[in-house]
Amino acid sequence: MKKGGENMNWTKAIGFGVLIWLIMFAVVSAISDWYQGNIWVKVIVILLAGVIAFFLAGNVKPGSTGLALGYGLVWVVVGLVLDYLVTKQFNSEIFSLWSVWTSYALILVAPLLKVEK
């Protein structure tokens, strides 16, 4: 994806997408009892997803809105694929959870906050 003379670093795009998914999978797995029964824990996990994406976006330093959205989109697609292949085996309802979709929304838009001007 090219925007403003910049190219997406596909290694970072895919690698960071996997990293976000691994961290979130580990966190939710570690606190699954709390996560299932407490909306505040879900909110904290959602915010954690956004914060992780925000910090990783600082590493890719998107120079344009298009590039930032490109990274966010790749991270979301990687997460969706991994959730389909792995997480769905443990939770068949994963894609019906509002908290999952809200996390993906934050992951998508977080790189926009790191666009270099």
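Thresholds applied
- Residues numbered from 1 in each chain as written.
- Predicted model: local features only at pLDDT ≥ 70, side-chain atom pairs only at ≥ 80, totals over all residues.
- Heavy atoms only, no water.
- Axes fitted to C-alpha atoms, helices over the stretch in contact; angles between N-to-C directions.
- Helix = DSSP H or I, 4+ residues; strand = E, 2+ residues; numbered from the N terminus.
- Parallel < 35°, antiparallel > 145°, perpendicular 65-115°, else oblique.
- Left-handed = near helix turned anticlockwise from the far one by under 90°.
- Contact = heavy atoms within 4.5 Å.
- Nonpolar A, V, L, I, M, F, W, Y, C, P; charged D, E, K, R; others polar.
- Expected span 1.5 Å × (residues − 1).
- Buried < 20%, exposed > 50% of the residue type's maximum accessible area, 1.4 Å probe, protein only.
- Arc of directions from axis to C-beta.
- Polar contact = N/O pair within 3.5 Å; in protein donor to acceptor, adjacent residues only side chain to side chain.
- Phe/Tyr/Trp six-rings, centres within 6.5 Å; stacked < 30°, edge-to-face > 60°.

A. The arrangement of the packing of helix 3 (residues 39-60) against helix 5 (residues 98-109) in detail. Running from N to C, helix 3 and helix 5 point in directions that differ by 25 degrees, and their axes come no closer than 8 Å. By the angle between their directions, the pair helix 3 and helix 5 is classed as roughly parallel. The element helix 3 and its partner helix 5 pack so that their crossing is right-handed. Of the residues in helix 5, those touching helix 3 at I39, K42, I46, L47, A49, G50 and A53 are W98, S99, T102, S103, L106 and I107. For the contact of helix 3 with helix 5, the class distribution of residues is 8 nonpolar, 4 polar and 1 charged.

B. Representation of helix 1 (residues 10-30). A rise of 1.5 Å per residue sets the reference length of helix 1, with its 21 residues, at 30 Å; its end C-alpha atoms lie 30 Å apart and thus fit the reference within 8%. Among the residues of helix 1, A13, F16, G17, I20, W21 and M24 are the ones counted as buried. Buried residues of helix 1, viewed axially, fall in a sector of 140 degrees; they line one side. Away from its buried face, by an angle of more than 90 degrees, helix 1 presents the exposed residues T11 and A30. The inward-facing, buried residues of helix 1 contact helix 3, helix 4 (65-90) and helix 5. Where helix 1 starts, the residue carrying a side-chain oxygen 3.1 Å from the main-chain nitrogen of T11 turns out to be N9.

C. The arrangement of the side chain of T87 in detail. Position of T87 relative to the elements: it lies in helix 4. Given the relative accessible area of 9%, T87 is considered buried. In this structure the side chain of T87 is engaged in a polar contact, spanning 2.7 Å, whose partner is the side chain of D83. In this view, T87 contacts W21, F25, L82 and I94; residues no more than four positions away in its chain are not counted.

D. The packing of aromatic side chains, seen in detail. Applying the stated rule across the entire model yields 7 aromatic pairs. Measuring from centroid to centroid gives 6.2 Å for F25 and F90, while their planes differ by 55 degrees, and the two rings are tilted. Of the two residues, F25 is situated in helix 1 and F90 in helix 4; the sequence distance between them amounts to 65 residues. According to the relative accessible area criterion, F25 is partly exposed, its value standing at 27%. Residue classification places F90 among the exposed residues on the basis of a relative accessible area of 66%. Among the aromatic residues, those joined into a cluster by ring pairs are F16, Y71 and W75.

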